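Spelled out from the first residue to the last, the chains are:
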Amino acid sequence: MYSSDKTHVLVLTGAGISAESGIPTFRDSNGLWENHPIEEVASPQAFAKDPQKVWRFYSQRREAAFKATPNKAHYALVELEKRLGHRFLLVSQNVDDLHKRAGAKNLINLHGNLFRSRCTRCSNSYPDMAPRTMVPLCKGCGAQVRPDIVWFGETIEEGCMNRIFEFLRQSRGGKLRFIAIGTSGVVQPAASLARLIGFMGGKNYLINAEVSANGDDFHFFQKGLAGEVLPKFIEGMEL
Ligand code: OAD
């Protein structure tokens, strides 16, 4: 079995890393969930009840993400990836494409992709940049098309979790570090990664504007804004 004596770094990002790019977070005061209740816009039930409302919400988010540009924190992670190559994996809960636009390669979008849509009935999937006022219909089967987002009550794609577990398996025998950035630590399964990696003997770092709900699972906490803290943190990392 593959094992390594080198350092592997798993990074988890949340909405906080895109906040300095002007994209609102979910749970901060005036965050998205304060103004748009989850049950009205981010569940299969919400889509069944009022698909146009759901599309309006995701269209606004598409526009905001489209206009935004990556910030220093996104670029700092790309520098780290360049140093580590395949010993680096970035797992993002964000559905914007700012990591990708910054140049991230080993990237998993755990909660889906704002710029992709998929059929509610068949397996058709569409790259989709346009804000929508009407509910689009599938070109294959005619059913309604929905944003390709993992909503509340839905499960993460199995392939994503398998890639994470495979990465952790490959890290065995070497040093494992986990860095969580800009996430409140309340949504599963992402919120459990720190505990899992702690059990595996890894070292966990949290960089966030405040202590996250799962703060006890981290060995080090650096309070601050991702764009200010992360570039220096990464520059000083011994790998
Ligand atoms: P949250 O909005 O829950 O948490 C964002 C965290 O980032 C908070 O702890 C903030 O204090 C912190 N923060 C804000 N600005 C920051 C900055 N500039 N630098 C560093 N930290 C900052 O967002 P997530 O944890 O990403 O899922 O939320 C997880 C998931 O819940 C999302 O992916 C979304 C949501 O429901 C879906 O929509 C499926």
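Rules and cut-offs
Residues numbered from 1 in each chain as written. Predicted model: local features only at pLDDT ≥ 70, side-chain atom pairs only at ≥ 80, totals over all residues. Heavy atoms only, no water. Pairing = 2+ DSSP bridges. Helix = DSSP H or I, 4+ residues; strand = E, 2+ residues; numbered from the N terminus. Axes fitted to C-alpha atoms, helices over the stretch in contact; angles between N-to-C directions. Contact = heavy atoms within 4.5 Å. Phe/Tyr/Trp six-rings, centres within 6.5 Å; stacked < 30°, edge-to-face > 60°. Buried < 20%, exposed > 50% of the residue type's maximum accessible area, 1.4 Å probe, protein only. Lys NZ or Arg CZ within 6 Å of the ring centre and 35° of its normal. Core = buried A, V, L, I, M, F, W, Y, C linked by side-chain atoms within 4.5 Å.

Colleague: Could you clarify how one ought to interpret the sheet that holds strand 7 (residues 176-181) in this entry?
Modeller: Backbone-to-backbone hydrogen bonds pair the strands of a sheet. The strands run either parallel or antiparallel. The strand order across the open sheet formed by 6 strands is 3-2-1-7-8-9, and the pairing between neighbours is parallel. Two strands in the sheet have a free side with no partner beyond their single neighbour: strand 3 (107-109) and strand 9 (220-223). Taken pair by pair, the neighbouring strands of this sheet meet at an average axis angle of 15 degrees, ignoring direction. As paired strands, strand 7 and strand 8 (residues 203-208) are joined by 5 bridges and run parallel to one another. Bridged to I179 within strand 8 is Y205. Against the sheet, helix 6 (residues 72-84) contacts strand 1 (8-13), strand 2 (88-92) and strand 7, and its axis sits at roughly 150 degrees relative to strand 2. Against the sheet, helix 8 (residues 158-170) touches strand 1, strand 2, strand 3 and strand 7, its axis set at about 150 degrees to strand 1.

Colleague: Would you explain the packing of aromatic side chains in this entry?
Modeller: For the structure on display, the rule yields 9 aromatic pairs. Ring centres of Y205 and F220 lie 4.9 Å apart, and the angle between their planes is 15 degrees; this geometry places the pair in the stacked category. Of the two residues, Y205 sits in strand 8 while F220 sits in strand 9, which places them 15 residues apart along the sequence. Looking at F220, the relative accessible area reads 40%, which means it is partly exposed. Geometrically, the ring pair formed by Y205 and F233 is edge-to-face, given 5.4 Å between the ring centres and 65 degrees between the ring planes. Note that Y205 is positioned in strand 8 and F233 in helix 10 (residues 226-235), a separation of 28 residues in sequence. On the basis of relative accessibility, which here comes to 15%, the residue Y205 falls in the buried class. A relative accessible area of 18% places F233 in the buried class. An aromatic cluster is built from F26, W33, F47, F57, Y58, W151 and F152, whose rings are joined through pairwise contacts. Of note, R146 hangs over the ring of W151, and the distance from its end group to the ring centre comes to 3.8 Å.

Colleague: Sorry if this is basic, but what is going on with the sheet that holds strand 4 (residues 112-119) here?
Modeller: Taken together, 3 strands build an open sheet; the order of strands is 5-4-6 and the sheet is antiparallel. Edge positions in the open sheet fall to strand 5 (125-127) and strand 6 (145-149), since each of these has one partner strand only. In this sheet, neighbouring strand axes are inclined to one another by 40 degrees on average, regardless of whether the strands run parallel or antiparallel. Bridging between strand 4 and strand 5 involves 3 bridges; their strand directions are antiparallel. Looking at the pairing, R116 lines up with P127 of strand 5. Of the strands in this sheet, strand 4 and strand 6 touch helix 5 (residues 51-67), which is tilted by about 140 degrees from strand 4.

Colleague: Even after reading the chapter, I still don't get the nonpolar core, so can you show me in this structure?
Modeller: It is characteristic of soluble globular proteins that their nonpolar side chains tend to be buried jointly. With 25 residues, the main nonpolar core has Y58, L114 and W151 as its most contacted residues. Put simply, the parts of the chain that give this core at least two residues each are helix 2 (32-35), helix 4 (44-49), helix 5, strand 4 and strand 6. When sequence neighbours within four positions are dropped, the list of residues in contact with L114 reads Y58, R61, R62, A65, V95, D128 and I149. Ranked by size, the runner-up nonpolar core spans 22 residues in total, among them V9, V11, F88 and M237.

Treat this as a map of the structure, not an account of what it does.
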